[in-house]
Amino acid sequence: MPARPARRGRKTGKPRHTGNGHADLIRQLWEAAVTLRGSIEPADYKRYVLPIIFLRFLSLRYERRRHELERLVKAPGSEYYTKSPKQAAAILEDADEYRAVGAFIVPKAARWEEIVKHAQADDIKVRLDSALETLEKAYPDKLRGLLPRTYAGSNLGRESVTGLINLFSRDVFREDHGGTDLIGLVYEYFIGEFANSEGKRGGEYFTPVSIVRVLVNMLAPEQGTVFDPCCGSGGMFVQSDLFTRHSQRLSFVGQESKDFTYRLCRMNLFIHGLDGNIQLGNSYFDDRHATLKADYVLANPPFNDGAKSEGGWGADRIPDKDPRFVVGGQRVPLSPRNANTMWILHFLHHLKAGGTAGFVMATGELGNGEIARFEVRKTLVEQGYVDCIVQLTGQLFANTQIPCSLWFLARNRHGQRGYRAREGEILFIDGRKLGALIPGSRKQKQLCDDEVHRIASVYRAYCSEGRPPDVPGFCKVATFDDVRGQNYALMPGRYVGAEDGPDDDEPFEEKFPRLVKQLEEQFARSGELEAAIRAQLQEVLRGS
């Protein structure tokens, strides 16, 4: 990271928030959900829609590359130019020519044109299953077990399947989205909509692209191993690869506990031409990469897992000798009702000397007073692992307005691997005033390129060049004594001088119930006042 200078931002103009094309795509996807609604359970929507989109994107990339090669073999002066029909055919069927640009040769039965041709057929569901099976057989090392036959045996109507095919044949899906993780956006959209329709708040949220970009741009991975033990659809890997401009100097290792999401991650890596060691399993109790030490850890674990369960998250199943929870020779306690600190310690355990971990965390973890969680936070500060804390605005997630924070733990704070020594200090960044609503959305915000750059450049300068100047309300490098003076509370607002109200640092999960209770009390008081006024009016009427 130190060798790569921070990229320059635009010099003038107000922050530009992009996303119109993506908002259009989301609207298209909503139409797809409406088409299916009534015949399929909401939680099952994604199981039928995402494989179709997978086929669609693969076909699009194949078609673009094939058209390009067809042009090149006929263009005098091109290195591909040939008058030999045999040589031209060989070029058009050369798998390496497609892999070089992130595309794959798609078997004829799985090509979109074939699917569209039979979209109205009564056996289209069987054909879709066969298309996915053909694709899986063509790439067994990457797709084996990822594309099960699901359509023919489902109660999804033929008309709904045809409607989806027509929907995803629209022009918006032919447009170039600049390398955006489109399948990740699809996943985000459906997770959000399903969570809203089912009234679920499980604490597991798809990581918005702008948050992933902040994490990746702050860590600036260049070479080595990127580890995500709760990898979801693999968005951290995709953005890391984009950051290095597909340099192939990064390797990706992940774990995911949900089978469908695990398959989605592998599909996502396949689409982006990436290889990864992705394992299925629960990181709490079945660490499938127990011996791994990674150069970078990037993750967005479930928020407050176990907090709403009588049995918690399962801390009682963790063996006493589990090495993940020993920090500097000291075993730290685990909260039985909240897995946040379990995840933090898991990340630190898998970080090699010289490495850095950047991850998303519920804002409440910055100052929670539960003894076990406080002890973990204090230990991490005193032993010098906490490098930077960023607090972001709410509304960045698609399906919840919960605010979040970004934590950075480092094993290079003594000056290893070209970083500057920064013992006894922590960088705090308050990004709560950044972000704007996504065009076309009334509830979700995103961070623009300039804002991502602003946050990332401060952290990278802090790691490599020297202490950045304090910016009131935005960033400050605090000393350990400053943090001790705040009883190890890590809310950036306490250090950067944000002009916030007295409750601004109150954790969301505590603040929201308090405000609801306050509102209910005010409603009750309002009813009492109304009754009293009506009684007095009756008295007046009787007196008149």
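None of the values given here were measured: they were computed from a predicted structure.

Chemist: Is there a simple way to explain the overall build of the chain in this structure?
Modeler: If you tally the helices and strands in the chain, you get 18 helices and 13 strands. A total of 544 residues make up the chain; the buried ones form 53% of that total. Sequence separation of at least 24 residues holds for 75% of the intrachain contacts in the chain that already meet a minimum separation of 6. Summed over its atoms, the accessible surface of the chain is roughly 24800 Å², and 49% of this surface lies on carbon and sulfur atoms.

Chemist: Before we go on, may I ask you to explain helix H15 (residues 449–464) in this structure?
Modeler: The α-helix winds at 3.6 residues per turn, so residues separated by three or four positions along the chain end up facing the same way. A rise of 1.5 Å per residue sets the reference length of H15, with its 16 residues, at 22 Å; its end C-alpha atoms lie 22 Å apart and thus fit the reference within 8%. Taken residue by residue, H15 has Asp450, Glu451, Val452, Ile455, Ala456, Val458, Tyr459, Arg460, Ala461, Tyr462 and Cys463 as its buried positions.

Chemist: Help me out: how do you make sense of the sheet that holds strand S1 (residues 224–228) in this one?
Modeler: The pairing of strands in a sheet comes from backbone hydrogen bonds and takes either a parallel or an antiparallel form. Read across the sheet, nine strands follow the order S3-S2-S1-S4-S7-S9-S8-S10-S13 without closing on themselves; strand pairing throughout is mixed. For this open sheet the edge positions go to strand S3 (276–280) and strand S13 (475–479), each flanked by a neighbour on one side alone. Between one strand axis and the next, the sheet turns through 15° on average, direction left out of account. Judged from the five bridges that link them, strand S8 (residues 386–392) and strand S10 (residues 425–431) form a sheet pairing that is parallel. Bridge pairing in S10 links Val390 to Ile429. Sitting on the sheet, helix H12 (residues 259–271) touches strand S2 (250–256) and S3, and the angle it makes with S3 is about 170°. In the packing of H15 onto the sheet, the strands contacted are strand S7 (351–362), S8, strand S9 (404–410), S10 and S13, and the crossing angle to S10 comes to about 175°.

Chemist: What's the story with the pairing of S7 in this structure? I'm lost.
Modeler: Two faces make up the sheet, and in a regular strand the side chains alternate between them. Buried residues dominate S7, accounting for ten of its twelve residues. Where strand S4 (residues 294–299) and S7 come together, five bridges link them in parallel fashion. Paired with Ala299 across the two strands is Phe359, which belongs to S7. Alignment of S7 against S9, held across seven bridges, turns out to be antiparallel. If you follow Thr356 over to S9, its bridge partner there is Ala410.

Chemist: Mind showing me how you'd approach the packing of aromatic side chains here?
Modeler: Geometry of an aromatic ring pair is reported as the spacing of the ring centres plus the angle between the planes. The tally for this structure, following the rule as stated, stands at 18 aromatic pairs. Note on Tyr284 and Trp313: the rings are 5.0 Å apart at their centroids and 65° apart in plane angle, and the pair reads as edge-to-face. Remark: Trp313 occurs in the loop between S4 and strand S5 (326–327) and Tyr284 occurs in the loop between S3 and S4; sequence separation between them is 29 residues. As far as burial versus exposure is concerned, Tyr284 and Trp313 are alike and both buried. Ring-pair connections join several aromatic residues into one group, and the members of that group are Tyr284, Phe285, Trp313, Trp343, Phe347, Phe359 and Trp407.

Chemist: I'm lost on the confidence of the model for the chain in this one. Help?
Modeler: As a note on interpretation, predicted positions should not be read in detail where pLDDT is low. Summing up the model confidence of the chain, the mean pLDDT is 84 and the portion of residues at 70 or higher is 83%. Below pLDDT 50 for its whole length, residues 1–19 participates in 45 contacts with residues either more than four positions away or in separate chains. This stretch, residues 198–202, has a pLDDT under 50; its non-local contacts, to residues over four places away or in other chains, come to seven contacts.

Chemist: Even after reading the chapter, I still don't get the packing of helix H6 (residues 124–138) against helix H8 (residues 158–167), so can you show me in this structure?
Modeler: Two numbers describe a pair of packed helices, the interaxial angle and the distance between the axes. One way to put it is that H6 packs onto H8 with a least axis distance of 9 Å and a crossing angle of 55°. With respect to each other, H6 and H8 are oriented oblique. Here H6 contributes Ile124, Lys125 and Leu128 to the contact with H8, which in turn contributes Arg158, Val161 and Ile165. Here the residues of the contact of H6 with H8 sort into four nonpolar, no polar and two charged.

Chemist: Where do I start with the environment of Ala489 in this structure?
Modeler: Position of Ala489 among the secondary structure elements: in the loop between helix H16 (480–485) and helix H17 (493–496). The class of Ala489 is buried, set by a relative accessible area of 5%. Between the C-alpha atoms of Ala489 and Gly369, which are 120 residues apart in sequence, the distance is 9.0 Å. Ala489 has contacts with Leu366, Arg377, Arg494 and Tyr495, leaving out every residue within four places of it along the chain.

Chemist: I'm lost on the packing of helix H13 (residues 340–349) against helix H14 (residues 371–382) in this one. Help?
Modeler: The interhelical angle for the contact between H13 and H14, taken along N-to-C directions, is 30°, at an axis separation of 9 Å. In terms of their interaxial angle, H13 and H14 are classed as roughly parallel. With respect to the hand of their crossing, H13 and H14 are arranged in left-handed fashion. Residues Asn340, Thr341, Ile344, Leu345 and Leu348 of H13 lie in contact with H14, whose contacting residues are Arg373, Val376 and Leu380. Considered class by class, the residues forming the contact of H13 with H14 number five nonpolar, two polar and one charged.

Chemist: Would you take a moment to explain the side chain of Thr379 for this structure?
Modeler: Tracing the backbone shows Thr379 in helix H14. When sequence neighbours within four positions are dropped, the list of residues in contact with Thr379 reads Val327, Gln330 and Val332.

Chemist: Honestly, the pattern of salt bridges in this entry has me stumped. Any pointers?
Modeler: Charged atoms that come close allow side chains of opposite charge to pair. Evaluation of the coordinates by the stated rule reveals 26 salt bridges. Residue Glu70 pairs with Arg66 through a salt bridge whose shortest N-O separation is 3.3 Å. One end of the pair is Glu70 and the other is Arg66, both in helix H2 (residues 45–73) and four residues apart, which spans about a single turn. Residue class for Glu70 comes out partly exposed when judged on its relative accessible area of 28%. For Glu133, the salt bridge goes to Arg149, with nearest N and O atoms at 3.5 Å. Of this pair, Glu133 sits in helix H6 while Arg149 is found in the loop between helix H7 (140–143) and H8, placing the two residues 16 residues apart along the sequence. The class for Glu133 is partly exposed, based on a relative accessible area of 31%. The structure contains a network of salt bridges with shared partners spanning Arg65, Glu68 and Glu97.

Thresholds, definitions, all that
Residues numbered from 1 in each chain as written. Predicted model: local features only at pLDDT ≥ 70, side-chain atom pairs only at ≥ 80, totals over all residues. Heavy atoms only, no water. Helix = DSSP H or I, 4+ residues; strand = E, 2+ residues; numbered from the N terminus. Buried < 20%, exposed > 50% of the residue type's maximum accessible area, 1.4 Å probe, protein only. Contact = heavy atoms within 4.5 Å. Areas by Shrake-Rupley, 256 points an atom, 1.4 Å probe, with all protein chains shown as cover. Expected span 1.5 Å × (residues − 1). Pairing = 2+ DSSP bridges. Axes fitted to C-alpha atoms, helices over the stretch in contact; angles between N-to-C directions. Phe/Tyr/Trp six-rings, centres within 6.5 Å; stacked < 30°, edge-to-face > 60°. pLDDT = per-residue confidence, 0-100. Parallel < 35°, antiparallel > 145°, perpendicular 65-115°, else oblique. Nonpolar A, V, L, I, M, F, W, Y, C, P; charged D, E, K, R; others polar. Left-handed = near helix turned anticlockwise from the far one by under 90°. Salt bridge = Lys/Arg side-chain N within 4 Å of Asp/Glu carboxyl O.

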